[in-house]
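Spelled out, the chains give:
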Amino acid sequence: MRRYSPTELLLVAGIAGPVLFVVVSTLDGATRTGYDPAYHPISALSLGGRGWLQITNFIVSGLLVTAFAVGLRRHWRPGPGARWGPALVGMFGIGLVLSGVFVMDPMRGYPPGAVTGDPATFSWHHTLHDLFGMVVFLSLPLACFVAARRFAARPGRRGRAGYSVLSGVAGLVLMGFFGTAWETDDALTGVVQRVMIVVDWLWLALLASWLVADARRARDGDPDVLRAADQGREGSKTDRG
């Protein structure tokens, strides 16, 4: 059985966190009484009698992503993006944790019995939840661009760079669509948010899987990976990322 180094285990957490979040929120949303996944945001799952499940999902997934940010810093140092890439991913992970700690207000018909529209005033924890939600959905697209810059500077990584750019652009565009859908109380607000989450979380999970594979190949002495690492060290003399 193959053993993982401490850094590789931290990188694996970057796969586990996004997968856990999407699976739990999808299954939970599909089985909640009165919850409409096409309309209600995922954060609404933190409300009601089973709200503890989504709160736990936010916190555990966020901690896993934060652990991945630590592994990313170890794996990417030195070279372009070695500072800002992990920092942005860490902001994303911490934002998830705090989004679970500070829950949104009951509204728009959920949980059953809540007001059908928005409450007259929002609570302080709802305001904080919205703030940390913005951190979550903005930090990851920005991390995509940082990763694209790093991959573009390495041989054989142009495909990863292109995918990262497309994911970053899509994430920002979908963030704008979601903001508009939320403000107008669109019937498909939940759909827009879920598409955005799939785009963002999929990129993160793929990034982690790429880096786990690279780390294992480097440990096995793969010349291409070692050459890329040498180029990263050379580049760090003039670019600290």
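None of the values given here were measured: they were computed from a predicted structure.

Caption draft 1: Structural detail: the overall build of the chain. The number of helices and strands found in the chain is seven helices and zero strands. Counting from the amino terminus, the chain carries its helices and strands in the arrangement α-α-α-α-α-α-α. Against the globule reference of 18 Å for 241 residues, the chain gives a C-alpha radius of gyration of 19 Å, in line with a compact fold. Summarising its shape, the C-alpha atoms of the chain cover approximately 60 × 40 × 25 Å along the three principal directions. Looking at the 241 residues of the chain, the share that counts as buried comes to 46%. If you take every contact in the chain between residues at least 6 apart in sequence, the share linking residues at least 24 apart comes to 73%. For the chain, the computed accessible surface area is about 11300 Å², with 68% contributed by carbon and sulfur atoms. The centroid of the 23 positive side-chain charges in the chain is displaced by 13 Å from the centroid of its 17 negative side-chain charges.

Caption draft 2: Examining the packing of aromatic side chains more closely. The final tally for this structure, using the stated rule, is twelve aromatic pairs. Judged by centre distance (5.9 Å) and plane angle (70°), the ring pair of Phe102 and Trp124 falls under edge-to-face. Of this pair, Phe102 sits in the loop between helix H3 (84-101) and helix H4 (124-152) while Trp124 sits in helix H4, and the two are 22 residues apart along the sequence. Its relative accessible area of 59% is what places Trp124 among the exposed residues. Among the aromatic side chains, those forming a connected cluster through ring pairs are Phe21, Phe58, Phe92, Phe137, Phe178, Trp182 and Trp201. Taking the ring centre of Trp182 as reference, the NZ or CZ of Arg108 above it sits at 3.9 Å.

Caption draft 3: Spatial organisation of the pattern of salt bridges. This structure, assessed with the given rule, holds seven salt bridges. The salt bridge partner of Asp28 is Arg32, with a shortest N-O separation of 3.0 Å. Like Arg32, Asp28 is buried. Put simply, Arg108 and Asp185 hold a salt bridge, and the shortest N to O gap is 3.5 Å.

Caption draft 4: Molecular detail of unusual backbone geometry. Cis rather than trans, the peptide bond between Arg77 and Pro78 has omega equal to -5°. Inspection of the secondary structure puts Pro78 in the loop between helix H2 (51-76) and H3. Look at the link from Tyr110 to Pro111: it is a cis peptide, with omega at 0°. Position of Pro111 relative to the elements: it lies in the loop between H3 and H4. The phi angle at Arg108 is positive, at roughly 50°, despite the residue not being glycine. Summarising the element assignment, Arg108 is placed in the loop between H3 and H4. Even without a glycine there, the phi angle at Asp185 is positive, about 55°. Note that Asp185 resides in the loop between helix H5 (158-183) and helix H6 (189-219).

Caption draft 5: Region of the structure containing the environment of Leu64. The topology assignment puts Leu64 in helix H2. Taking the C-alpha atoms as reference points, Leu64 and Arg83, 19 residues apart in sequence, are found 19 Å from one another. Discounting chain neighbours no more than four positions away, the residues touching Leu64 are Ala13, Gly14, Ala16, Gly17 and Leu20.

Caption draft 6: Representation of the side chain of Arg150. Counting through the fold element by element, Arg150 comes out in helix H4. Asp214 provides the closest opposite charge to the buried, unpaired Arg150, separated from it by 8.1 Å. Of the polar contacts made by the side chain of Arg150, one reaches the backbone oxygen of Trp76; its length is 3.0 Å. Ignoring any residue separated from it by four or fewer positions in sequence, one finds Arg150 in contact with His75, Trp76, Pro78, Gly79, Pro80 and Ala82.

Caption draft 7: Local environment of the environment of Trp182. Counting through the fold element by element, Trp182 comes out in helix H5. Trp182 gets classed as buried once you look at its relative accessible area, which sits at 17%. Aside from chain neighbours lying at most four places away, what touches Trp182 is Pro41, Met104, Met107, Arg108 and Thr189.

Calculation rules
Residues numbered from 1 in each chain as written. Predicted model: local features only at pLDDT ≥ 70, side-chain atom pairs only at ≥ 80, totals over all residues. Heavy atoms only, no water. Helix = DSSP H or I, 4+ residues; strand = E, 2+ residues; numbered from the N terminus. Rg over C-alpha atoms; globule rule 2.2 N^0.38 Å. Buried < 20%, exposed > 50% of the residue type's maximum accessible area, 1.4 Å probe, protein only. Contact = heavy atoms within 4.5 Å. Areas by Shrake-Rupley, 256 points an atom, 1.4 Å probe, with all protein chains shown as cover. Lys, Arg positive; Asp, Glu negative; His and termini not counted. Charge placed at Lys NZ, Arg CZ, Asp CG, Glu CD. Phe/Tyr/Trp six-rings, centres within 6.5 Å; stacked < 30°, edge-to-face > 60°. Lys NZ or Arg CZ within 6 Å of the ring centre and 35° of its normal. Salt bridge = Lys/Arg side-chain N within 4 Å of Asp/Glu carboxyl O. Polar contact = N/O pair within 3.5 Å; in protein donor to acceptor, adjacent residues only side chain to side chain.

On their own, these measurements won't tell you what the molecule is for.
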